[in-house]
Each structure stands twice: as C-alpha cells, then as structure tokens.
Protein chains: 2
Amino acid sequence: MIPHLDDHDTRILAELQRDARLSMAELGRRVQLSQPGVTERVRKLESAGVITGYTAKVDLGKLGYGIRALLRLGRAESARVTKVVQQTPEVVNAYNVAGQDNWLLEIAVMDVAHLDAVISKFGQLTEVSTAVILHPVREHQPMLPVPRDDPRTIIRKVSLA
Amino acid sequence: MIPHLDDHDTRILAELQRDARLSMAELGRRVQLSQPGVTERVRKLESAGVITGYTAKVDLGKLGYGIRALLRLGRAESARVTKVVQQTPEVVNAYNVAGQDNWLLEIAVMDVAHLDAVISKFGQLTEVSTAVILHPVREHQPMLPVPRDDPRTIIRKVSLA
DNA sequence: TATGAAATACGGTTTTT
DNA sequence: AAAAACCGTATTTCATA
C-alpha cells in the first residue's frame, strides 16, 4: 500500500512541490541523477499514485475573489451536501469530518453580498457557521515521506523544546 | 490591482490548474494560440502575480500520513502561533480567521499517537478542538476569474434552483 | 522562423536483492 | 542469478530570440 521511497524520491518530491514546472534536465541536476534516470523516477511516482497531479497556484484576490471564508456545516445528509458542493464553484475545498460539525468548506467569493448568497445556499441544508480568513499563516506546505526506519524522529520534533 | 483577464487568459488558467506540466506547445494547441503567444501570456500572468507558482499534488496517505485533521485554536497571540506553526512540519495549511475560533490548521500525521503529540503542542498555547477528516468531498477546485462585466451571473448561479 | 535546449526511446552497464 | 536502476547517445519535440 505504501511504496518504499528512498532519498532520491524524497528530493524529487521536495523539488516538484516547490516548482512543478522544472524541466527533467534541471530536476536531474538538482537531485544528482541523469535526465532519463529522473524521468523514470517521476513516472513511477506518478503511476504509484504518490504524485497525483500538478497544478498552478493562483492568487484568488487577483481573480476578483476579495473574500475567503471557512464554513462549518452541521449534520446533513451526505448526498445532499455533495450535490450542492458540486453545484457551487465557489467551494475550493470541502471535507467530511468527524466531530460536532460534520462538514468544513473553504470558499472564495467576490464580496459580502456574494458571501451571503453562498451561506444562504448551504443554510437551506443545515446550520452554518462562518469564519472569514484574515490572513494565511501557511499555505501548501510541501510534505515529505515519513521516515520508515525511525518514525520517532517525527514525534520528537513535535514536542515543544 | 486586479489585472484584466480575457478569455485566452481564462482558458490558460484552467488548463494550468488542471495540469501544470503541460508544455507551452501543447498549451498553445488547447487554447488556440501560437507557442510564442501562449508563452508570453503565461509569463505575464506570472509577473502580474495571478499565477503564484506551480506545485505537485501528493497523496499524503502514500507518504505515510494516515490521518488528516483540522484543528481549531482559541484566542492566542499571533506571534506565538506563527512561531509554533513554523516549527511544526505537520501543518499543511494555517489560517488566521475572524470569529470565535481565531485559528484553523490543517495537519497531516502518521497515527493517533502522532495526532495526540501535535494537539498537545498547540494545546500549550490555547484550547484546541479537533476534527479528523473522514473524506474529502472536493479538493483543489480550479478557480476562474470572476466575469468583470456581469458579476450578477455568479450570484445567480449561487441561488438554489 | 531559426537556433539551442530538452524530452523520449534504446542499448549497454552497474548495482541491488 | 535475477532484477532493477542508471547512464550515454540519437532522434524528435520544444523553448527562446
């Protein structure tokens, strides 16, 4: 289920999360592999499902979306929520979660009137609580494979100094 | 502040959000522009800050992170939260939000013990409520520019049928 | 449109298990 | 011993002026 990823794979994943448009030639230089070698590695990471795709990151503000917000929805039927999400392009991310609130949506809207419209739409399904995003502290943190041999190194990092 | 984006730009943004590794030649074919033409467009979208980067999407489960969760933090000093976030690689996204909870973090951890470790770390700053992600309904929805001439078309789409 | 660089395909070699 | 991974080269495609 979890493929074995060595040091080369880890460095490839780090580089491609930082810049997905690197040429294979340049990527090879950075991870000390030949161009065909690194190409084959990337192809395998893709077919193993470790890399699931490549995407351009966009500035939502520059696209005209002045407000980003998080909506927490109360209990609601899964099929109905899923359907409304699919019909709502303003929803950037949507998760079904365990806990008192069952759904968490991240949305992008133009202005307050637009925000009100989206909230009202989901408000017809269940109760909605809204939190406007003021400032992203961190976004799209590149993630590396968990060390297989000594997982405790991670735990140790987590504890406060 | 908000650059004017025409139909060509919109199609370029759609394609690059779907597959950021498209060659300029292939991208040009898809949006009906010459290779130099589309290259110049993309370069301008980058320098205008509309496209902020390109990233590989990875399957966190395949990297060994079996649990994804959302943490809501209560009131806490901004500098302290920021510092701990920066020292915690398990935090994928972090937002400062308006509302009763001041912070929302998305994290990836190996297992329950690891989850407990991360929660405890932030629990030293303020109260933490945790929601484990059961199932993503939508992720990384490609976003297109808001139509400039008739914003109401968007509002109309939002209202329920 | 032309020139240089990069991607893909192939055969041979080395390393790993 | 077997398998996998890597490299060098040639051809096609692509990027940049």
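Residues numbered from 1 in each chain as written. Chains lettered and ligands numbered in written order. Predicted model: local features only at pLDDT ≥ 70, side-chain atom pairs only at ≥ 80, totals over all residues. Heavy atoms only, no water.

Engineer: I keep staring at the overall build of chain A and nothing clicks. Help me out?
Structural biologist: Helix and strand counts for chain A stand at 6 helices and 5 strands. Counted from the first residue to the last, chain A has its helices and strands arranged as α-α-α-β-β-α-β-β-α-β-α. Rg of the C-alpha trace for chain A: 20 Å, well past the compact-globule value of 15 Å for 161 residues, more than 25% over. Overall, chain A is about 55 × 35 × 35 Å in size when its C-alpha atoms are taken along their principal axes. (Helix = DSSP H or I, 4+ residues; strand = E, 2+ residues; numbered from the N terminus. Rg over C-alpha atoms; globule rule 2.2 N^0.38 Å.)

Engineer: What am I meant to see in the interface of chain A and chain B here?
Structural biologist: The parts lose accessible area when they come together, and the size of an interface is often stated as this lost area. Across the contact, 83 residues belong to chain A and 84 residues belong to chain B. For the pair chain A and chain B, the summed buried area comes to about 7,400 Å², and 62% of that belongs to carbon and sulfur atoms. There are 0 salt bridges connecting chain A and chain B. Looking at the side of chain A that touches chain B element by element, the count peaks at 9 residues for strand β5 (residues 128-138) of chain A. Considered class by class, the residues forming the side of chain A that touches chain B number 49 nonpolar, 19 polar and 15 charged. In terms of strand pairing, β5(A) meets strand β3 (residues 91-97) of chain B through 4 bridges, oriented antiparallel. (Contact = heavy atoms within 4.5 Å. Buried area = accessible area lost by both parts, 1.4 Å probe. Salt bridge = Lys/Arg side-chain N within 4 Å of Asp/Glu carboxyl O. Nonpolar A, V, L, I, M, F, W, Y, C, P; charged D, E, K, R; others polar. Pairing = 2+ DSSP bridges.)

Engineer: Explain the sheet that holds strand β3 (residues 91-97) of chain A to me, please; I cannot follow it from the model alone.
Structural biologist: Strand pairing in a sheet relies on backbone hydrogen bonds. The paired strands run either parallel or antiparallel. A barrel is described by the order of its strands in space; here 8 strands give the closed sequence β2(A)-β4(A)-β3(A)-β5(B)-β2(B)-β4(B)-β3(B)-β5(A), paired in antiparallel fashion. Direction aside, the axes of adjacent strands within the sheet are offset by 35 degrees on average. Across the sheet, helix α4 (residues 78-86) of chain B lies against β5 of chain A together with β2 (67-73), β3 and β4 (103-109) of chain B, angled at about 70 degrees from β5(A), the strand it touches most. (Axes fitted to C-alpha atoms, helices over the stretch in contact; angles between N-to-C directions.)

Engineer: Any chance you could explain the packing of aromatic side chains here in plain terms?
Structural biologist: Each aromatic ring pair is characterised by the separation of its centres together with the angle its planes make. All chains considered together, the criterion is met by 0 aromatic pairs over all chains. Across from the ring centre of Y54(B), 5.6 Å away, lies the NZ or CZ of R21(A), which sits over that ring. (Phe/Tyr/Trp six-rings, centres within 6.5 Å; stacked < 30°, edge-to-face > 60°. Lys NZ or Arg CZ within 6 Å of the ring centre and 35° of its normal.)

Engineer: Which parts of the structure should I look at to understand the packing of helix α1 (residues 7-18) of chain B against helix α3 (residues 35-47) of chain B?
Structural biologist: The packing of two helices is summarised by the inter-axis angle and the distance between the axes. Residues and elements named next belong to chain B. In the contact formed by α1 and α3, the axes pass within 11 Å of each other and the chain directions differ by 80 degrees. Classified by the angle their axes make, α1 and α3 are roughly perpendicular. Counted together, H8, D9, I12, L13 and L16 of α1 and V38, R41, V42 and L45 of α3 form the full contact between these two elements. Taken together, the residues that form the contact of α1 with α3 break down as 6 nonpolar, 1 polar and 2 charged. (Parallel < 35°, antiparallel > 145°, perpendicular 65-115°, else oblique.)

Engineer: Is there a simple way to think about the relation of the copies chain A and chain B in this case?
Structural biologist: For the pair of chain copies, the relating transformation is a rotation about an axis with a translation along it. Superposition of chain A onto chain B requires a rotation of 180 degrees combined with a translation of 0.0 Å along the rotation axis, giving an RMSD of 0.1 Å. In the structure described here, the two chain copies are related by an operation that fits a two-fold rotation axis. A shared interface surface links the copies, since 100% of the contact residues of chain A are contact residues in chain B too. (Least-squares fit on C-alpha atoms with pLDDT ≥ 70 in both.)

Engineer: Which parts of the structure should I look at to understand the pattern of salt bridges?
Structural biologist: In a structure, side chains of opposite charge can pair up when their charged atoms sit close to one another. Taken as a whole and judged by the stated rule, the model has 20 salt bridges over all chains. In this structure, D59(A) engages K62(A) in a salt bridge whose closest nitrogen and oxygen atoms are separated by 3.8 Å. Accessibility expressed as a relative area gives 26% for D59(A), which makes it partly exposed. Taking the relative accessible area as the measure of exposure, K62(A) reaches 19% and is therefore buried. For E15(B), the salt bridge identified is with R30(B), shortest N-O distance 3.1 Å. Linking E15(B) in helix α1 with R30(B) in helix α2 (residues 24-31), this pair joins segments that are 15 residues apart in sequence. A residue is classified by how much of its surface remains accessible, and E15(B), at 18% relative accessible area, is buried. (Buried < 20%, exposed > 50% of the residue type's maximum accessible area, 1.4 Å probe, protein only.)

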